[in-house]
Amino acid sequence: MTPTSGTTGASSDRRGPHADGAASRTDDAAPDDTGQHRLDLTAPTPMVPGWRPGSVIDLAGVEKVYRTGAFEVAALRGVTMTIDEGEFVAIMGPSGSGKSTLMHILGCLDSPTAGTYRLAGDDVSTMTEVELAEVRNARIGFVFQQFNLLASMDAWRNVELPLVYAGIDRAARRERSMEALARVGLSDRVDHRPGELSGGQQQRVAVARALVTDPALILADEPTGNLDSVAARGMLDLLTELHANGRTIVLITHDAEVALAAHRTIRIRDGNIQDGGGGGVSPGRDRRPAATPGGRP
Amino acid sequence: MNWLETLRTGLEATVTHRLRSGLTVLGILIGIAAVILTVGLGEGAQNQVASEISSLGSNLLTITPGSSTSSTGVRGGLGTATTLTMGDATALASHTVAPDIAAVAPTTSVSEVLTAGTSTWTTSVVGTSPAWLSVRDETVAEGRFITTNDVADHAMVTVLASTTSEELFGFRDPVGQTVDVGGTPMTVVGVLASVGDSSTTNEDDQAVVPITTAQDVLSGGSDVVQDILVSSTSSGTLSGAYQEADAELLALHHITSPANADFTIESQQQVLSTATSVDKTLTVLLGGIAGISLLVGGIGVMNIMLVSVTERIREIGLRKALGATPSIIRRQFLVEASVLGLVGGVLGAGLGLLGAVVLPHFISDPIAISPVAIVGSIVIAICIGILFGVYPASRAARLAPIDALRSE
Ligand SMILES: Nc1ncnc2c1ncn2[C@@H]1O[C@H](COP(=O)(O)OP(=O)(O)O)[C@@H](O)[C@H]1O
Ligand SMILES: [Mg+2]
């Protein structure tokens, strides 16, 4: 796991993590462990001392009912599952099965109508708006199915947005946005507006934005959905690389081949977990697979 | 996220949405300029009346013969009766009888044809005493005014007002020249200084002669005067002067009941009070129109703001998803709304002031610059912008990010 992920275990201690991150950029020798290996794929992934092994994501009986006028749609009907630190999990299911709904709850973008969601041990329902904003900003990188880029802003301005809310200064924001865009292979498109980019390129801008704060948990809703097979391969390699650096990755797909890149597949149907929701607790399962890009089973 | 960054984000958003920002600013601008101009027009009219009153003298009383209402309730012949005499004027001038009266000028005026060389000009010829100059607050530009000796000698001298002098003598110096007044040659001894335009009387077009001369030559040798102008020692003693003149004249005319008075005393305020109240009504009316235009402008701004925020709820959702707290969103929209309100307010005030300076050249009505209207309308514009820009934004900021993102 990355040094950053170690801090997810103690969210209350993470006041002003962005300031820490900014400081560490200018002072790599500091004992501060956050962000030291930001975007550095070759760095080892040591266990952080004091980190209590356990679930990053812990859902118990989570339900989500949408009310639209007279209709009620039960999108999730009691989902119980756990995802551990450093796992690479694929969520599969037919269209309309509740995958996106589940992902939005995992990303703290929506709240369940019943059940509890513990993020690194903390019950999300007890968090204040400010705490939630910080979780979304620093601890989770979310890749939306519809990208959700701001059309009026250049690619790099879209990527820097989370850093703006992290309170990082302008020069550092630009530098880190450029790094993140380089990671997704878009160095030559930094000054393009989303409208001037292909669907695949927009997807990669969205991924760069999710990476830029160096979050411990990356949630991607069909990240390969708009990509051709070559670009999809590249995206999977990137996610595999990020995973190899210790990040916990959850992605939604309905492509069995994409799911193969993950180390566990959770199947969902009509708002219920079919199988794979038990998490990496079962004996014999490799919770932290070899940190090599080619280490897919 | 600090205020500077918020300010930058807010400013950036106003620039990004140029058309929308422009329309908002335009709405505020027009509303404010309209308020400034309409209120200014009303106040300008009021100021004009006020300055006319003061130019006529706030300590001036005019005594005319006849009563405005006879004892039988039938309106008498105001100004046509011949009940005022030189004796009345002399009595009022006494400081022991009337200590609050500063000066008394009996006048008799008649319209005559004046001839100088080949120029002829018809104007009002006023017969009066030397006190007239101070009572009417006039000054002599050239030569001298008529003197007590002129009055005593029934001297054939005249003092011309500036326009009259110009019409008869062009730009030549008229002092010492002879002018024929209704068939009687008189020597011009002075010229009055111009007092400028006034919509009620033209004080720059008249000829002044000794009252005795006027009685001899122009109105047929009687002791009767047309009216008596009285000035009080100050504007504060005006009512004292009024009572003294009233009591003295009643006594002189042997009238016991004031209801039977054969004369009328009026102050200039009374003469103009009707005009003033009409102008006050005008101001209220114009103020109402201004208020309505601000309201309409405000509704326009409100509409643009609401649409703008609604269109941007997705943006709000995204910003929240990326880590913005509701208060940061609120601040961003507060900055945007304030900037639009301020820019619109300042431009509107500028346009209003420009109009207040330029328009009077075309419409001949004065427009007053009212600081209250300027500050008030800018404050209202900013408040409208904030209320209708920030309120919906802060509501959207409380939504779950995904609900905001999904909104259409
Ligand atoms: N905002 C919403 N309002 C009402 N129903 C919704 C809403 N979002 C999703 N649903 C319904 O919930 C179910 C699950 O949707 P979703 O999570 O998007 O599925 P998936 O991502 O697996 O295709 C669907 O039946 C969908 O129609
Ligand atoms: Mg979906």
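The model shown is predicted, which means the values in this text are computed figures rather than measured ones.

What counts, and where the lines are drawn
- Residues numbered from 1 in each chain as written.
- Chains lettered and ligands numbered in written order.
- Predicted model: local features only at pLDDT ≥ 70, side-chain atom pairs only at ≥ 80, totals over all residues.
- Heavy atoms only, no water.
- Core = buried A, V, L, I, M, F, W, Y, C linked by side-chain atoms within 4.5 Å.
- Buried < 20%, exposed > 50% of the residue type's maximum accessible area, 1.4 Å probe, protein only.
- Contact = heavy atoms within 4.5 Å.
- Near = heavy atom within 4 Å.
- Polar contact = N/O pair within 3.5 Å; in protein donor to acceptor, adjacent residues only side chain to side chain.
- Areas by Shrake-Rupley, 256 points an atom, 1.4 Å probe, with all protein chains shown as cover.
- Buried area = accessible area lost by both parts, 1.4 Å probe.
- Salt bridge = Lys/Arg side-chain N within 4 Å of Asp/Glu carboxyl O.
- Helix = DSSP H or I, 4+ residues; strand = E, 2+ residues; numbered from the N terminus.
- Nonpolar A, V, L, I, M, F, W, Y, C, P; charged D, E, K, R; others polar.

Colleague: Summarise the nonpolar core; cite the residues concerned and give the values.
Modeller: All names here are of chain A. Core analysis: the biggest nonpolar cluster contains 51 residues, and Ile57, Leu106 and Leu119 have the highest contact counts within it. Leaving out residues up to four positions away in the same chain, Leu119 has contacts with Val56, Ile57, Cys108, Val124, Val135, Arg139, Ile140 and Leu217. Within the second largest apolar cluster, 41 residues are counted, among which are Ala90, Ala166, Ala210 and Leu251.

Colleague: Which residues make up the site of ligand 1, and what values do they have?
Modeller: Not every one of the 13 residues close to ligand 1 is listed here, only the nearest: Gly96(A), Gly98(A), Lys99(A), Ser100(A) and Thr101(A). Among the chains of the assembly, those with residues near ligand 1 are chains A and B. A distance of 3.3 Å is found between an oxygen atom of ligand 1 and a backbone nitrogen or oxygen belonging to Ser97(A). Taking Ser100(A), its side chain carries an N or O atom lying 2.7 Å from an oxygen atom of ligand 1. Alone, ligand 1 offers 560 Å² of accessible surface; in the complex the protein occludes 68% of this.

Colleague: Give me the lowdown on the interface of chain A and chain B, citing residues and values where you can.
Modeller: Contacts between chain A and chain B engage 23 residues on the former and 25 residues on the latter. Considering only the side of chain A, the residues that lose the most area to chain B are Leu109(A), Arg136(A) and Tyr165(A), jointly responsible for 29% of the buried surface there. If you look at where chain A meets chain B, you find four salt bridges. We note a salt bridge from Glu12(B) to Arg157(A), for which the minimum N-O separation is 2.7 Å. Taken together, the connections running from chain A to chain B amount to seven residue pairs in polar contact (both at pLDDT 80 or more). Put simply, the parts of the chain that give the side of chain A that touches chain B at least two residues each are helix H4 (129-139), helix H5 (155-165) and helix H6 (170-183) of chain A. A per-class count over the side of chain A that touches chain B returns 12 nonpolar, four polar and seven charged.

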